[in-house]
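Okay, here's what each chain looks like letter by letter:
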Amino acid sequence: MSDEYEAQRKRILEIIQHDHVKQFCVGISTNAARRRTAYGGWLRRNGAQLDGFEVVASGLTVESGLQMERTLFEHFRSHRKYANYENVRYFPQAANNGKPQSVYIAWWSPAFL
């Protein structure tokens, strides 16, 4: 396990251990600000609110970004607070537009998936 992965894993653990974090997911994006806005809208339409969004790794290639996202996803997917943890599966999807990738954690309340 790389030091970078370990630092990201620890940061996510720091976030999700708090009682105010009801549900979360890990994702990838070339535009974290736009992704944060999209989460906010999706959550409002579903009766929830975005409580936090943090980039845990940035400046990644598509390949390294997807690898990091998948590694973190596989580590946290069975956590009781992970969105739809009982049925969630990994679907690698990243824009291959030459822009650097960022891996993030988003969390919201109330939990609804």
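Everything here concerns the structure above.
Let me begin by describing the structure that accompanies this report.

Cut-off values and rules
Residues numbered from 1 in each chain as written. Predicted model: local features only at pLDDT ≥ 70, side-chain atom pairs only at ≥ 80, totals over all residues. Heavy atoms only, no water. Helix = DSSP H or I, 4+ residues; strand = E, 2+ residues; numbered from the N terminus. Contact = heavy atoms within 4.5 Å. Areas by Shrake-Rupley, 256 points an atom, 1.4 Å probe, with all protein chains shown as cover. Salt bridge = Lys/Arg side-chain N within 4 Å of Asp/Glu carboxyl O. Buried < 20%, exposed > 50% of the residue type's maximum accessible area, 1.4 Å probe, protein only. Expected span 1.5 Å × (residues − 1).

What follows is about the overall build of the protein chain. For the protein chain, the helix and strand inventory stands at 3 helices and 3 strands. Contacts in the protein chain between residues at least 24 apart in sequence constitute 81% of all its contacts with a sequence separation of at least 6. Surface exposure of the protein chain reaches about 6,700 Å², of which carbon and sulfur atoms provide 46%.

Oppositely charged side chains can pair when the atoms bearing their charge come close. Tallying each qualifying case throughout the model produces 5 salt bridges. For Glu-6, the salt bridge identified is with Arg-9, shortest N-O distance 2.5 Å. One end of the pair, Glu-6, and the other, Arg-9, are both in helix H1 (residues 3-16), 3 residues apart, so they sit about a helical turn from each other. Among the residues examined, Arg-9 registers a relative accessible area of 16% and is labelled buried. For Arg-77, the salt bridge is made with Glu-74, and the minimal N-O distance between the two is 3.5 Å. One network of salt bridges, in which partners are shared, links Arg-11, Glu-14 and Glu-54.

Now for helix H2 (residues 32-45). Between its first and last C-alpha, H2 extends 20 Å over 14 residues, near the 20 Å set by a 1.5 Å rise per residue. Those residues of H2 that sit buried are Ala-32, Tyr-39, Gly-40, Gly-41 and Leu-43. Lining the buried residues of H2 we find strand S1 (23-29), strand S2 (49-60) and strand S3 (101-109). Trailing H2 by a residue or two, Gly-47 shows a phi angle of about 75°, which is positive.

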